[in-house]
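Next come the chains, spelled out residue by residue.
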Amino acid sequence: MDRNFARALSLVLKSEGLWSDNPADPGGATMKGVTLTNFRRYVKADATKADLRKITDSQVATVYRRFYWDATAGALLPSGVDYAVFDFAVNSGPGRAAKYLQDVVGVKQDGRIGPATIAAVKAKPAGVVIDALCDNRLGFLKRLPTWKTFGKGWSDRVKSVRAEALKLSALPDTPPPVTVEVKVPVDKPVVPEKVEQKVKEKSGFLSWLTGLFGSGAIGLGWLAGMDWQAVLAGGVVLLVFLLVLLLLRSQIVSAVRQIKAEVAE
């Protein structure tokens, strides 16, 4: 699948290393797995080895995508199989990788991965295809005359590819949806005019109580300058005042509840 390209490329680059110009390697001079021939084909026609050694990450990705990933239909193959074929193509050529894949799934080995090959691949479990492809790839490498020189590295590489490809094949084809939490500002509710008028009417009753408290305070101040008999009389008045407040308490509670009910409507 195409979303696996970046991960597959990073895995391939771990095996390819950096600069190499071993006379025993038929690929010749390479940098991060990119041969001088392919660098000239896709990046700079007259490139030298010095230019290849300075290849950028963007140029590396361009070469790998065009010459290996697209050539083996990596975007259309199942997860895991795409990486196994891709790494095989980088190591031994896209044509050979395609033919070995076609041999595994039992279709014509023409070296071109088309609709028939893709359908045959998808008809088999990805793990089965990966194991068979890696087994056949290792068998091919062992038959090469350079096996004695590079056999250890190739064997380790195929083992690693098999393990990583099987991990990829176990992942869901569709990534889980991303949940984004968006905070929506909520405006302060506006009190309707009708409700506001009701509150004002009820508040008139509360204003009356406030005036009553004020009158009581004045009365107490006046009583302070009188003798004990007058003070006793004032105490009786205050007691009556408190009793009135207790009787009015139920009316106050009822009024507040009515206001809340009307606002809620």
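You'll find the structure just up there.
What counts and how
- Residues numbered from 1 in each chain as written.
- Predicted model: local features only at pLDDT ≥ 70, side-chain atom pairs only at ≥ 80, totals over all residues.
- Heavy atoms only, no water.
- Helix = DSSP H or I, 4+ residues; strand = E, 2+ residues; numbered from the N terminus.
- Buried < 20%, exposed > 50% of the residue type's maximum accessible area, 1.4 Å probe, protein only.
- Contact = heavy atoms within 4.5 Å.
- Axes fitted to C-alpha atoms, helices over the stretch in contact; angles between N-to-C directions.
- Parallel < 35°, antiparallel > 145°, perpendicular 65-115°, else oblique.
- Left-handed = near helix turned anticlockwise from the far one by under 90°.
- Core = buried A, V, L, I, M, F, W, Y, C linked by side-chain atoms within 4.5 Å.
- Pairing = 2+ DSSP bridges.
- Salt bridge = Lys/Arg side-chain N within 4 Å of Asp/Glu carboxyl O.
- Phe/Tyr/Trp six-rings, centres within 6.5 Å; stacked < 30°, edge-to-face > 60°.
- Lys NZ or Arg CZ within 6 Å of the ring centre and 35° of its normal.
- Patch = residues over 30% accessible without salt bridge, like charges linked within 9 Å, V, L, I, M, F, W, Y side chains within 5 Å.
- Areas by Shrake-Rupley, 256 points an atom, 1.4 Å probe, with all protein chains shown as cover.
- Bend = angle between axes of the 7 residues up to and from the residue.

1. A look at the overall build of the protein chain
- Across its full length, the protein chain holds 11 helices and three strands.
- Helices and strands appear in the protein chain in the N-to-C order α-β-β-β-α-α-α-α-α-α-α-α-α-α.
- Out of the 265 residues belonging to the protein chain, those deemed buried represent 32%.
- Sequence separation of 24 or more characterises 61% of the internal contacts of the protein chain that already satisfy a separation of 6 or more.

2. Focus on the packing of helix H5 (residues 81-92) against helix H6 (residues 94-105)
- Running from N to C, H5 and H6 cross one another at 140 degrees; their axes reach a closest spacing of 7 Å. Considering their axes alone, H5 and H6 lie oblique with respect to each other. For H5 against H6, the interelement crossing comes out right-handed. Only Pro94, Arg96, Ala97, Tyr100 and Leu101 of H6 make contact with H5, whose side of the interface consists of Val81, Val85, Phe88, Ala89 and Ser92.

3. A closer look at the environment of Arg7
- Within the secondary structure, Arg7 sits in helix H1 (residues 5-16).
- Note on Arg7: relative accessible area 37%, which makes it partly exposed.
- Look past the residues within four positions of Arg7 in its chain and what remains in contact with it is Glu164, Leu168 and Leu171.

4. Concerning the nonpolar core
- Core analysis: the largest hydrophobic core is formed by 51 residues, its most contacted members being Tyr64, Phe86 and Leu101.
- When residues of this core are assigned to their parent elements, the largest contribution, eight residues, is made by H5.

5. Overview of the sheet that holds strand S2 (residues 30-31)
- With respect to topology, three strands assemble into an open sheet ordered S1-S2-S3, the strand pairing being antiparallel. The outermost strands of the open sheet, each flanked by one partner alone, are strand S1 (19-20) and strand S3 (34-35).
- Bridge count for S2 against S3 is two bridges, and the pairing is antiparallel. Across the sheet, residue Thr30 finds its bridge partner in S3, namely Thr35.

6. Considerations on the pattern of salt bridges
- Applying the stated rule across the entire model yields 11 salt bridges.
- For the salt bridge of Glu16 with Arg157, the shortest nitrogen-to-oxygen distance reads 2.6 Å. Here Glu16 is found in helix H1, whereas its partner Arg157 is found in helix H9 (residues 147-169), with 141 residues between them in sequence. Grouping residues by exposure puts Glu16 and Arg157 together as buried.
- Ionic pairing is found between Arg137 and Asp87, a salt bridge with its closest N-O pair at 2.8 Å.

7. Points about the packing of aromatic side chains
- Counted according to the given criterion, the structure contains 11 aromatic pairs.
- Ring centres 4.7 Å apart and planes at 80 degrees place the aromatic pair Phe67 and Tyr68 in the edge-to-face group. Tyr68 matches Phe67 in its accessibility class, with the two residues each being buried.
- For Arg65, the ring lying beneath its charged end belongs to Phe5, and the centroid distance is 4.2 Å.

8. Things to note about a nonpolar patch on the surface
- Residues Leu239, Leu243 and Leu246 make up a contiguous nonpolar surface patch of about 320 Å² in total accessible area.
- Locating Leu239 in the fold gives a position in helix H11 (residues 228-264).

9. Brief notes about H9
- At Gly153, H9 is deflected by roughly 30 degrees, the largest bend along its length.
- The complete set of buried residues in H9 reads Phe150, Gly151, Trp154, Arg157, Val158, Val161, Glu164, Ala165 and Leu168.
- Taken together, the buried residues of H9 touch H1, H5 and helix H8 (126-142).

10. Let's talk about the environment of Gly95
- Tracing the chain through its elements places Gly95 in helix H6.
- Given a relative accessible area of 31%, Gly95 falls into the partly exposed group.

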